[in-house]
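Understanding the architecture of this molecule
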Amino acid sequence: GGGIEFNNVTFGYSPEKLVLRNVSFNVPAGKTVAIVGPSGAGKSTLMRLLFRFYDVQTGAILIDGQNIKLVQQQSLRQAIGVVPQDTVLFNNTIFFNIQYAKQEASDEAVYEAARLADIHDRILGFPDRYETKVGERGLRLSGGEKQRVAIARTLLKAPIIVLLDEATSALDTHTERNIQAALARVCANRTTIIVAHRLSTVIHADEILVLQEGSIVERGSHDQLLQRV
Ligand code: ADP
Ligand code: ADP
């Protein structure tokens, strides 16, 4: 399950200025669609609508054929896992930070999620350096390592839909390449929407939508879009 449909979605934070205009697309269950566009194009707004932080003004968003207006926000939050660009972590162990996604999860399940995200070797460390009476403690996780914690959280939560925010990717090419396997695991067999600035980060999407000023101006596979630009 988890197929997503945007039908002629129009939205503005104020009536004078529309932020999304007649946006239509669908993500078949288990497939990956990437939304690529410059800052201010409306990508974050689109994600907020999917969570019902705001409701669409015209058109509809459906998940598995059901209008999300009929779904409680809490159920949406359970169904959707987010891997944000900048993961904010608690000043507690990586283990704690992963288990936070599903507090009833067994220790084994938390370790397994950490292993699949390849962050298990840090699991009892704290994410930041901090002072104690006997000196400095803790780790200093890189951006990529924090993203691995977010991936582990999402693997543990096992949502039917994953939102992956690559929009402000601060990762260098080397880190990005290293993290691809973990990202592929979290998206595998789940309906996935990737938000990104650059085509190069979304090679594996089944379809790519180019969003500009709230409208979809191009769509196609990675190779098709490369030939057009
Ligand atoms: P993107 O994620 O592609 O950078 P956004 O969805 O954040 O784009 O923004 C789209 C447009 O909506 C921008 O013009 C932005 O300034 C505006 N916008 C975003 N969030 C709000 C908000 N909470 N209130 C008013 N305007 C907003
Ligand atoms: P992003 O590109 O990730 O959306 P932004 O820097 O555009 O990040 O926005 C950061 C936050 O500021 C967002 O949560 C958004 O709600 C808010 N925001 C963006 N534009 C506006 C705006 N014009 N008016 C009010 N809030 C805004």
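That block above? That's the structure.
Notes on the structure in this doc start here. (Residues numbered from 1 in each chain as written. Chains lettered and ligands numbered in written order. Predicted model: local features only at pLDDT ≥ 70, side-chain atom pairs only at ≥ 80, totals over all residues. Heavy atoms only, no water.)

1. As for the overall build of the protein chain
For the record, the criterion: Put simply, DSSP H or I for four residues or longer makes a helix, DSSP E for two residues or longer makes a strand, and each gets a number counted from the N terminus. Think of it in three bands: with a 1.4 Å probe and only protein chains considered, a residue is buried below 20% of the maximum accessible area for its type, exposed above 50%, and partly exposed in between. Two residues form a contact once any of their heavy atoms are found within 4.5 Å. Per-residue and other accessible areas follow the Shrake-Rupley method at a 1.4 Å probe size, with only the shown protein chains counted as cover for residues.
Assigned secondary structure in the protein chain consists of seven helices and twelve strands. The principal-axis extents of the C-alpha atoms in the protein chain amount to approximately 60 × 40 × 35 Å. Residues classed as buried in the protein chain amount to 46% of the 229 residues present. Long-range pairs, those at least 24 residues apart, make up 68% of the contacts in the protein chain between residues at least 6 apart in sequence. With the model as given, the accessible surface of the protein chain reaches about 11800 Å², and the carbon-plus-sulfur share is 48%.

2. Digging into the site of ligand 1
Put simply, the rule is: We call a residue near a molecule or strand whenever a single non-hydrogen atom of that residue lies within 4 Å of it. Pairs of N or O atoms within 3.5 Å make up the polar contacts considered here, provided that, within protein, one atom can donate a hydrogen while the other can accept it, and that residues adjacent in sequence are counted only when both atoms are side-chain atoms. Residue polarity is assigned by list, with Asp, Glu, Lys and Arg as charged and Ala, Val, Leu, Ile, Met, Phe, Trp, Tyr, Cys and Pro as nonpolar; anything else, Gly included, falls into the polar class.
The local shell around ligand 1 holds 13 residues, among which K17, G40, K43, S44 and T45 are the closest. Within the backbone of A41, a nitrogen or oxygen atom sits 3.1 Å from an oxygen atom of ligand 1. Between K43 and ligand 1, the recorded distance is 2.8 Å, taken from a side-chain N or O atom to an oxygen atom. Contact with the protein chains hides 63% of the accessible area of ligand 1, taken as 550 Å² for the molecule alone. Grouping the amino acids of the shell around ligand 1 by side-chain chemistry returns five nonpolar, five polar and three charged.

3. Focus on the sheet that holds strand β4 (residues 58-63)
Filter applied, for reference: Should DSSP find at least two bridges between two strands, the strands are regarded as paired.
Within the open sheet, the four strands sit side by side as β2-β1-β4-β5. Their pairing is antiparallel. Edge positions in the sheet fall to β2 (20-27) and β5 (66-67), since each has one partner strand and no second. Here β4 pairs with β5 via two bridges, running antiparallel. Following the sheet pairing, I63 is matched in β5 by Q66.

4. Quick look at the sheet that holds strand β11 (residues 207-212)
Threshold: Where helices are involved, their axes are fitted lines through C-alpha atoms of the stretch in contact, as for all axes, and angles between N-to-C directions lie from 0 to 180°.
As summarised here, the arrangement of the six strands in space is β6-β9-β10-β3-β11-β12, forming an open sheet in which the pairing is mixed. Both edges of this open sheet fall to β6 (80-83) and β12 (215-220), since each of them pairs with a single strand only. For this sheet the average axis-to-axis angle between neighbouring strands, irrespective of direction, equals 20 degrees. Sitting on the sheet, helix α1 (residues 43-50) touches β3 (32-36), β6, β9 (161-166), β10 (191-196) and β11, and the angle it makes with β10 is about 150 degrees.

5. Points about the side chain of T154
Note on placement: T154 falls in helix α5 (residues 143-157). Owing to a relative accessible area of 3%, T154 belongs among the buried residues under this scheme. Within the local environment of T154, its side chain forms a polar contact with the backbone oxygen of A150, the two atoms lying 2.9 Å apart. Apart from the residues within four sequence positions on either side, T154 is in contact with G81, V82, V83, P159, V162 and V186.

6. Points about the nonpolar core
Just so we agree on the cut-off: For this analysis, a nonpolar core means a set of buried residues of the types Ala, Val, Leu, Ile, Met, Phe, Trp, Tyr and Cys, connected via side-chain atoms within 4.5 Å.
Ranked by internal contacts, the top residues of the largest apolar core, which has 36 residues, are I98, I119, V149, I151, V202 and I208. Within the residue set of this core, elements represented by two or more residues are β3, α3 (94-99), α4 (107-116), α5, β9, α6 (173-187), β10 and β11. In terms of residues, this core owes the most to one element, α5, which gives six residues. Core analysis: the next-biggest nonpolar cluster, separate from the first, contains 30 residues, L20, V56, I68 and I193 among them.

7. Details of the packing of aromatic side chains
One pair of aromatic rings is described through two measures. These are the centre distance and the angle between the planes. Stated precisely, the cut-off is as follows: Note on ring pairs: Phe, Tyr and Trp rings are taken, using the six-membered ring of Trp, and paired if centres are within 6.5 Å. Classes follow the plane angle, with under 30 degrees stacked, over 60 edge-to-face and the rest tilted.
Within the structure shown, the criterion is met by eight aromatic pairs. Ring geometry for F11 versus Y54: centroids 5.5 Å apart, planes at 55 degrees, classification tilted. One end of the pair, F11, is in strand β1 (residues 4-11); the other, Y54, is in the loop between α1 and β4, and 43 residues separate them in sequence. Note on Y54: relative accessible area 36%, which makes it partly exposed. Judged by centre distance (5.5 Å) and plane angle (15 degrees), the ring pair of F51 and F53 falls under stacked. Owing to a relative accessible area of 9%, F51 belongs among the buried residues under this scheme.

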